[in-house]
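Below are the chains, spelled out letter by letter.
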Amino acid sequence: MDAFLRRGNGGDEPPTVTEDPDPIEELRRLLLVAEHAQVAKIQERLDDPEIHAEDVSRVLPEAIAIRATKDRELTRVMLPTVEEAILSSVRRDPHVLVDALFPVMGPAIRKAIASALASMIESLNETLERSFSVQGLKWRWEAWRTGKPLPEIILLRTLVYRVEQVFLIHRKTGLLLQHVSATSAGVQDADMVSGMLTAIRDFVQDSFGGGREQSLDSFKVGDFTVRIEQGPEAVLAAVIRGNAPPELRPLLTETIEAIHLEQAEALANFQGDADAFNRSRPRLEVCLKTQQLTRADRGPEARTRKARRFLRTALAVLLIGVAVWSFFAIRRSVRWQGYLGRLAAEPGIAVIDSGRRGGKYFVTGLRDPLAADPTAMLAESKIAPESVIGEWKPYQALHPEFIAARARRVLEPPATVTLRATNGVLLATGSAPHRWIEEARARSRVFADVARFDDSGLTDADLSELEALRRGIEDRPVSFDPASADLRPRDSVRLEALSRDLSRLARMAVGIGKTVRVTVTGRGDSTGTEDVNRAISRQRAERVTRALAPGFARAVTFVVRGVGSSEPLRREVTEKDRELNRSVTLSVAVAGGAPEGSR
Amino acid sequence: MIQKKVCMLGAFAVGKTSLVARFVRSLFSEKYHTTVGVKVDKKIVAVGEEQVNLLLWDLYGEDDFQKLRTSYLRGSSGYVLAVDGTRAETLEKAVILQSRAREMLGDVPFVLMLNKADLVDRWEVEDSAIDDLVGQGWSTFKTSAKTGAGVEEAFLALARRMAGST
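It should be emphasised that the depicted structure is a prediction, and the values quoted were computed from it without experimental measurement. (Residues numbered from 1 in each chain as written. Chains lettered and ligands numbered in written order. Predicted model: local features only at pLDDT ≥ 70, side-chain atom pairs only at ≥ 80, totals over all residues.)

Caption draft 1: Main features of the overall build of chain A. The number of helices and strands found in chain A is 21 helices and 15 strands. Considering chain A as a whole, with its 599 residues, one finds that 23% of them fall into the buried category. By sequence separation, contacts in chain A at least 24 residues apart represent 62% of the contacts at least 6 residues apart. (Helix = DSSP H or I, 4+ residues; strand = E, 2+ residues; numbered from the N terminus. Buried ≥ 20, exposed ≤ 12 C-beta atoms within 10 Å, placed from the backbone. Contact = placed C-beta atoms within 7 Å.)

Here is the structure:
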């Protein structure tokens, strides 16, 4: 039949009844009249595109389904057509496609935007939160030190985190499907944690959440953040220590999506046996991320450490420096205060102002020129003179010692004189030459700070000497032999000495503006007559005067007397007494401007 | 290992928490119980050859069932109805809770624990009422969280039935 049909179908002659009756043809027509009608019908079907399309449409879905299971050829073949169709549809009227996709795209776009916003807000919050904390200050310091912009530093520092545990939880039952942990320590019973996490999520959703889309995405417990990423069947919960970066969320999302894709069947049929989810372990382990940036990029960290060590050393050096500086500063200050104390105690120095200016000490005040030298005093206080600026204005101090000192400078007293000042009185003690005393009396009257010059305690050295000489001269009588007016040879030395002393006395007296009168008195003893005695006594006086007088022509006035025995030096009992009375004595008078009390 | 979620249901102060505590060690603090309204404990029991990990959701007992968070029931493979044998009204509550749980979970295994069995002289629940429930196919156990009597047995029975139902 097949062959026949093929022939009938593909033959040169059309399968119709012809007028030219061929017996064989006729026979065939008679024999196959029913089949012929069928063939004609089939032919008609094949030729009619409408009927043909109808036929294909009946088997098309099945055909596509069968082919799709065999290979991807159908997809490949159809792809350009479908693309073309979509393109032309969009070109013709974009609204059609927009309307079609809207229910899908709307939530998808919303979700994407919400997720991006959440990430952004998260990092923004982080930044703001850290800005004014100690950490923030540290970052600012670091930014300033390294010259990097602050956001970069914050980014660098906030990225330190570790995902410690990841739970894959069956959404409906809260049962644990899989659990991976970065550390073995501190892992609580994971299946109970899983249950509690689910309970907490349910609680939050019941209490605050509205629809299914609004659910607990993350919460913080101390250092830990729990990030929850939910799929339709399972939930991924990551326990993160430290600051979870926003980039972590996409990873969790991808992971939960991949698990849903790969284990869709196991999730749908979950009856409490979690073994099937061992397959997802590697995926969860990928989520156990530790901040890699600083680990992998050792450079900056090492540099930071180095910088930190440098800082620490610098700080130590600084501290030592400060300590040393403080020590010296304190010592300097103590010395300076000591110096100021000394200045204050020093007579003739009055400090008006002192302090520190331009790294140097300064002191201003008044200073008596006779006072101690402030610069020299610096050395006593162990202060370098160049570190101090001193400004001193001269003045006269009224301290007694300064009054005395000034008097000394003017009066120039001899070493034997001591000058003191008390209550405006200048006291002179000791001994001084007559002339100095006279001058001091005159000059001291011009001292503004001296009311009176008191020299009652002062001995006139010249007058004392004169007096001593006088006494020595008067105490040496020159004796004569009885009834003789001749000098005894043995007295010549005595007379010479007498002459020398007298001459010295005369010189001194003249030196201080005085005149000397020497009364030469001759005597006789009580033997013999008084007339004779008187004459001889006068001769004796004249004789001595002659012996002494030549050297004192102008300076000394000699008065010669002969008194006989009327003024005996001693009452005559023995020959010795008589010998003493047969003598000449000198009496010296210093006169002319002689001071009171001079003898 | 098979895991099963089990909810503890019952009126206020019937001793649900004590029953769980008697049965397992407690991991989470009581704080969860009052704030979140649930505390999860676990206990591994052997059912024949198999180990079954029971995750016991101890729900905060409320007198008004409306206040119970039904979302906590979701996904339970079984539940425990706890009754205070010395308070007859808690049995009525248990019956109401059972119907609610069945609405949510369907026909999953459950057991009724008539707790405080040690307080014999104050016992209120009529045996006839229990017989009634047993007649409806309920499995009931007299338990005492205080002495431990019947507790293990009741949980094991539930575990066995849940394992069988998979």
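Caption draft 2: A look at unusual backbone geometry. Residues and elements named next belong to chain A. Positive phi is not limited to glycine here, since Glu412 has a value of about 45 degrees. Assignment of secondary structure puts Glu412 in the loop between α16 (400-411) and β9 (417-422). The exposure class assigned to Glu412 is exposed, which follows from the 12 C-beta atoms found within 10 Å. One non-glycine residue, Ala483, lies in positive phi territory at about 55 degrees. Among the secondary structure elements, Ala483 is positioned in the loop between β12 (478-479) and α19 (492-511). Note on Ala483: 13 C-beta atoms within 10 Å, which makes it partly exposed.

Caption draft 3: Representation of the environment of Thr515(A) within the structure. With respect to the helices, strands and loops of the structure, Thr515(A) is situated in strand β13 (residues 515-522). Once residues lying within four places of it in the same chain are set aside, the contact partners of Thr515(A) are Ala509(A), Ala591(A) and Gly592(A).

Caption draft 4: Structural detail: the interface of chain A and chain B. Taken together, the contacts link 20 residues of chain A with 23 residues of chain B. Broken down by element, the residue count for the side of chain A that touches chain B peaks at nine residues, all from helix α9 (residues 190-207) of chain A.

Caption draft 5: Representation of the sheet that holds strand β3 (residues 218-221) of chain A in the model. Residue and element names in this part refer to chain A. Strand order in this open sheet of five strands is β2-β1-β5-β4-β3, and the pairing throughout is antiparallel. Looking at strand neighbours, the two that pair on one side only are β2 (176-181) and β3, the edges of this open sheet. Recorded for the sheet is a direction-independent mean angle of 20 degrees between the axes of neighbouring strands. Across the face of the sheet, α9 comes into contact with β1 (161-170), β2, β4 (224-230) and β5 (234-242) while running at roughly 80 degrees to β1. (Pairing = 2+ DSSP bridges. Axes fitted to C-alpha atoms, helices over the stretch in contact; angles between N-to-C directions.)

Caption draft 6: Layout of the pairing of strand β6 (residues 349-357) of chain A. All names here are of chain A. Judged from the eight bridges that link them, β6 and strand β7 (residues 360-367) form a sheet pairing that is antiparallel. The residue of β7 that forms the bridge with Ile349 is Arg367. Linking β6 back to β7 in an antiparallel pair, the connection comprises two residues, with Gly358 at a positive phi of about 60 degrees.

Caption draft 7: Region of interest: the packing of helix α18 (residues 461-474) of chain A against α19(A). Residues and elements named next belong to chain A. At a minimum axis distance of 10 Å, the contact between α18 and α19 shows a crossing angle of 155 degrees. Compared by their axis directions, α18 and α19 come out roughly antiparallel. Note on packing geometry: the crossing formed by α18 with α19 is left-handed. Taking contact as the criterion, the partners of Asp462, Glu465, Leu466, Leu469, Arg470, Gly472 and Ile473 in α18 are, on α19, Leu498, Asp501, Leu502, Arg504, Leu505, Met508 and Ala509. Tallied by class, residues from the contact of α18 with α19 come to eight nonpolar, one polar and five charged. (Parallel < 35°, antiparallel > 145°, perpendicular 65-115°, else oblique. Left-handed = near helix turned anticlockwise from the far one by under 90°. Nonpolar A, V, L, I, M, F, W, Y, C, P; charged D, E, K, R; others polar.)

Caption draft 8: Focus on the sheet that holds strand β11 (residues 452-460) of chain A. All names here are of chain A. In spatial order, the strands read β9-β10-β11; together these three strands make up an open sheet with mixed pairing. Each of the sheet's edge strands pairs with one partner strand only, and the pair in question is β9 and β11. Going across the sheet, the axis of each strand differs from the next one's by a mean of 15 degrees, ignoring polarity. As paired strands, strand β10 (residues 425-432) and β11 are joined by seven bridges and run parallel to one another. Each bridged residue has a counterpart across the sheet, and for Gly430 the counterpart in β11 is Leu458. The sheet contacts of α16 involve β9 and β10, and relative to β9 the element is tilted by about 140 degrees.

Caption draft 9: Representation of the environment of Ile389(A). Residue and element names in this part refer to chain A. With respect to the secondary-structure elements, Ile389 resides in strand β8 (residues 388-394). Between the C-alpha atoms of Ile389 and Thr364, which are 25 residues apart in sequence, the distance is 8.3 Å. With near-sequence residues (within four places) excluded, Ile389 lies in contact with Lys360 and Phe362.

Caption draft 10: Spotlight on the pairing of β10(A). Residues and elements named next belong to chain A. As paired elements, β9 and β10 share six bridges and run antiparallel to each other. When the sheet's bridge partners are listed, Ala421 is paired in β10 with Leu426. Between β9 and β10, which pair antiparallel one after the other, the connecting turn spans two residues, and Asn423 there sits at a positive phi close to 50 degrees. A crossover links β10 with its parallel partner β11, the connecting element being helix α17 (residues 434-443), and its sense is right-handed. (Right-handed = clockwise from strand over helix to strand, strands pointing away.)

Caption draft 11: View of the confidence of the model for chain A. All names here are of chain A. Summarising the model, chain A shows a mean pLDDT of 80, and 84% of its residues fall at 70 or more. For chain A, helix α13 (residues 293-296) is the element with the lowest average pLDDT, namely 42, and β7 is the one with the highest, namely 90. Note on residues 1-13: pLDDT is under 50 here. Beyond four places in sequence and across chains, it has four contacts. (pLDDT = per-residue confidence, 0-100.)

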